[in-house]
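What the coordinates show
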Amino acid sequence: MKRFEEKVVIITGGGSGLGRAAALEVAKEGAKLVLVDLNNDALEESKAVILAADPNAVVELVQANVADEEGVKKYVQFTIDQFGKIDGFFNNAGIEGKQNLTEDFGIDEFNRVVSVNLNGVFFGMKYVLKEMKRQGFGSIVNTASVGGIRGVGNQSGYAASKHGVVGLTRNSAIEYGQFGVSVKAIAPGAIMTPMVEASLKQIGGDNWEEAGKEFVSVNPMKRFGKPEEVGHLVAFLLSNQADFINAVVIPIDGGQSYKY
Ligand code: NAD
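Scope of this entry: the structure provided in the associated data block. Just so it is clear, the model here is predicted, and its values are computed rather than measured. For every chain, the first residue of the written sequence is number 1, and numbering continues from 1 along that sequence. Restriction of local features to residues with pLDDT of at least 70 applies here, the model being predicted, together with a cutoff of 80 or more for giving and counting side-chain atom pairs; totals for whole chains, interfaces and linings are based on all residues. Water and hydrogen atoms were dropped before computing side-chain values, which therefore reflect all heavy atoms in the structure.

Quick word on the overall build of the protein chain
Tallying secondary structure elements over the protein chain gives eight helices and seven strands in all. Scaling as 2.2 N^0.38, a compact globule of 260 residues should have a C-alpha radius of gyration of about 18 Å, and the protein chain matches this with 17 Å. Buried residues in the protein chain amount to 51% of all 260 residues. Contacts: residue pairs with any heavy atoms within 4.5 Å of one another. In the protein chain, the proportion of contacts linking residues at least 24 apart, taken out of those at least 6 apart, comes to 73%. The helix and strand labels rest on DSSP assignments: H or I over at least four residues marks a helix, E over at least two residues marks a strand, and numbering proceeds from the N terminus. Within these notes, the globule rule equals 2.2 Å times the number of residues to the 0.38 power, and the radius of gyration is based on C-alpha atoms. Each residue's exposure class comes from its accessible area (1.4 Å probe, protein chains only) as a fraction of the maximum for that residue type: buried when under 20%, exposed when over 50%, partly exposed otherwise.

A closer look at unusual backbone geometry
Of note, the phi angle at Glu 6 is positive, near 65°, even though the residue is not glycine. Topologically, Glu 6 is positioned in the segment before strand 1 (8–12). The exposed category is assigned to Glu 6, whose relative accessible area is 53%. Located in the positive-phi region is Asn 154, a residue other than glycine, with phi close to 65°. Considering the arrangement of structural elements, one finds Asn 154 in the loop between strand 5 (138–143) and helix 5 (156–176).

Notes on the pairing of strand 6 (residues 181–188)
With eight of eight residues buried, strand 6 lies mostly within the body of the structure. What you see with strand 6 is no split at all: Val 181, Val 183, Ala 185 and Ala 187 on one side and Ser 182, Lys 184, Ile 186 and Pro 188 on the other are buried throughout. For a crossover, the right-handed case is the one in which the path from the first strand over the helix to the second runs clockwise, viewed with the strands pointing away from the viewer. For the segment spanning strand 5, helix 5 and strand 6, crossover handedness is right-handed. Two strands qualify as a pair provided that DSSP identifies no fewer than 2 bridges between them. Where strand 6 meets strand 7 (residues 249–252), four bridges bridge the pair, whose relative direction is parallel. Directly across from Pro 188, in strand 7, lies its bridge partner Ile 252.

Let's talk about the sheet that holds strand 6
With parallel pairing, the seven strands of this open sheet are ordered in space as 3-2-1-4-5-6-7. At either end of the open sheet lies a strand with only one pairing partner, and these are strand 3 (58–63) and strand 7. Put simply, the sheet's adjacent strands are angled 20° from each other on average, direction ignored. One ladder, built from five bridges, connects strand 1 with strand 2 (residues 32–37); its direction is parallel. When the sheet's bridge partners are listed, Ile 10 is paired in strand 2 with Val 34. In this analysis, axes come from line fits to C-alpha atoms, helices being fitted only over the stretch in contact, and the angle between any two N-to-C directions falls in the range 0 to 180 degrees. Against the sheet, helix 4 (residues 107–135) engages strand 1, strand 4 (88–91), strand 5 and strand 6, with an angle of about 175° to strand 4.

A closer look at the packing of aromatic side chains
Ring pairs shown here join Phe, Tyr and Trp side chains whose ring centres sit within 6.5 Å, with only the six-membered ring taken for Trp; geometry is labelled stacked below 30 degrees between planes, edge-to-face above 60, and tilted in between. Counted according to the given criterion, the structure contains five aromatic pairs. Taking the centre distance of 6.2 Å and the plane angle of 45° together, the rings of Tyr 75 and Phe 89 count as tilted. Taken as a pair, Tyr 75 in helix 3 (residues 69–83) and Phe 89 in strand 4 lie far apart in primary sequence, 14 residues in all. Given a relative accessible area of 0%, Tyr 75 falls into the buried group. Relative to Phe 224, the ring of Phe 215 has its centre 6.3 Å away and its plane inclined at 5°; by these criteria the two rings are stacked. The partly exposed category is assigned to Phe 215, whose relative accessible area is 36%. With a relative accessible area of 16%, Phe 224 lands in the buried category. Criterion for a charge above a ring: Lys NZ or Arg CZ within 6 Å of the ring centre, and within 35 degrees of the ring normal. Lys 133 extends its terminal NZ or CZ atom over the ring of Phe 179, reaching a point 5.1 Å from the ring centre. Over the ring of Tyr 258 we find Arg 150; its NZ or CZ atom is 5.4 Å from the centre of that ring.

Encoded structure:
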């Protein structure tokens, strides 16, 4: 069974990591995709990977900054003009920011992280929910983080923004359930993507692989998650199989969050 035949899915941060992995999953099952990212080369690379897996896949690319409301309007309008509807929205683009103690966490860095991770998710929901309400169906998956449900440390901007994503998810889910629209969030632990590699380099420098081993040594499953594991979860949550799942935050972290 192909769960995404005739379905239209928007994915932000589609040029890398979790966005690309989810794109591959839903494309395999027939989704028509609109991938959004700041980085155009990364978008082209994602498209090439998806077309290599299925030459008949439909993949449109929109270069946009999710922190910019006009950019968000642009990718939503593009999708409606192109396909006339939005079945699924993986509201996922995000950045980690520089790690620092709270007292050293500069306001510029704080605002930068919040503007992408929180404002970006808010703008995305604002414009996509309007369309989904009009249609009477749709599923949104917002990317929070373990850092959005637990304290991790050294990540003031990230923690504030990801806890905010959880709040936005619950708030909009309550508002839009009556229109046939569900809103959920995922809270990934450490999944090996370019973002996590960069994070380990902040902690361990040249010894980042050692830092990585130490990091996962406290995970009950003793390993990093794989992007495709998150892709599977997101595909399920965006599909009609998950229509009655609403207002929840689902950790995908090997059990890490229960150790804090
Ligand atoms: P990644 O860096 O591999 O991919 C993020 C993508 O988002 C990149 O292609 C980047 O260009 C794009 N992007 C960044 N800022 C943008 C902006 N302003 N507008 C449009 N696109 C932008 O990272 P990832 O690990 O795939 O992370 C994806 C999401 O998952 C993020 O929200 C991140 O916080 C979250 N997350 C990741 C992990 C993990 O372990 N990888 C854990 C928890 C949460």
